[in-house]
Amino acid sequence: MDADQIDLRRKRLRFRSWHRGTKEMDILLGNFADRHLAAFTPVQLDRYDALLQNSDPDLYGWISGRDAVPEAYDHDVMGLLQNFRIKT
């Protein structure tokens, strides 16, 4: 994947982060994307993309610590999201 494709992918992920369906998740994930996507590796972009495929209630439960994070999503990107939530 070349740099232009990666840049386009980051833009798409940023858009999806800001347009989730619930205002709370728009704000949380949109701000997270603004802060972190530019530095993500292609592997981290894959992980974030996979996270965004989940529902807002599931994501919020995992990010907030209310629900256990499934093993498939228990990785560095989820850790960044959980820490980002604490800082905002």
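Use the structure listed above.
Residues numbered from 1 in each chain as written. Predicted model: local features only at pLDDT ≥ 70, side-chain atom pairs only at ≥ 80, totals over all residues. Heavy atoms only, no water.

Q: Please clarify how the packing of helix 1 (residues 3-18) against helix 2 (residues 23-36) should be interpreted in this entry.
A: Helix packing for two helices is described by the angle between their axes and how far apart those axes are. At a closest axis distance of 7 Å, the pairing of helix 1 and helix 2 adopts a crossing angle of 155°. One way to sum up the angle between helix 1 and helix 2 is to call them roughly antiparallel. Contact with helix 1, carried on its side by Arg14, Ser17 and Trp18, involves Met25, Asp26, Ile27, Leu29, Gly30, Asn31, Ala33 and Asp34 of helix 2 and no other residues of that element. Across the contact of helix 1 with helix 2, the residue classes break down as five nonpolar, three polar and three charged. (Axes fitted to C-alpha atoms, helices over the stretch in contact; angles between N-to-C directions. Helix = DSSP H or I, 4+ residues; strand = E, 2+ residues; numbered from the N terminus. Parallel < 35°, antiparallel > 145°, perpendicular 65-115°, else oblique. Contact = heavy atoms within 4.5 Å. Nonpolar A, V, L, I, M, F, W, Y, C, P; charged D, E, K, R; others polar.)

Q: Can you help me understand the packing of aromatic side chains in this one?
A: Aromatic rings considered in pairs are described by the distance between their centres and by the relative angle of their planes. What the rule picks out here adds up to five aromatic pairs. Judged by centre distance (5.6 Å) and plane angle (35°), the ring pair of Phe32 and Tyr48 falls under tilted. With Phe32 in helix 2 and Tyr48 in helix 3 (residues 42-52), this residue pair connects regions lying 16 residues apart in the sequence. In terms of burial, Phe32 and Tyr48 fall into one category: buried. Ring pairing ties together the aromatic residues Phe32, Phe40, Tyr48 and Phe84, which thus form one cluster. (Phe/Tyr/Trp six-rings, centres within 6.5 Å; stacked < 30°, edge-to-face > 60°. Buried < 20%, exposed > 50% of the residue type's maximum accessible area, 1.4 Å probe, protein only.)

Q: Any chance you could explain the side chain of Arg9 here in plain terms?
A: Summarising the element assignment, Arg9 is placed in helix 1. Here Asp46 takes part through its side chain, which lies 2.6 Å from a polar atom of the side chain of Arg9. With residues up to four places along the chain from it excluded, the contact list for Arg9 reads Pro42, Leu45, Asp46 and Asp49. (Polar contact = N/O pair within 3.5 Å; in protein donor to acceptor, adjacent residues only side chain to side chain.)

Q: Sorry if this is basic, but what is going on with helix 2 here?
A: Under the 1.5 Å per step criterion, the end-to-end length of helix 2 is 20 Å for 14 residues, consistent within 8% with the ideal 20 Å. What helix 2 keeps buried is the set Met25, Asp26, Leu28, Leu29, Gly30, Phe32, Ala33 and His36. (Expected span 1.5 Å × (residues − 1).)

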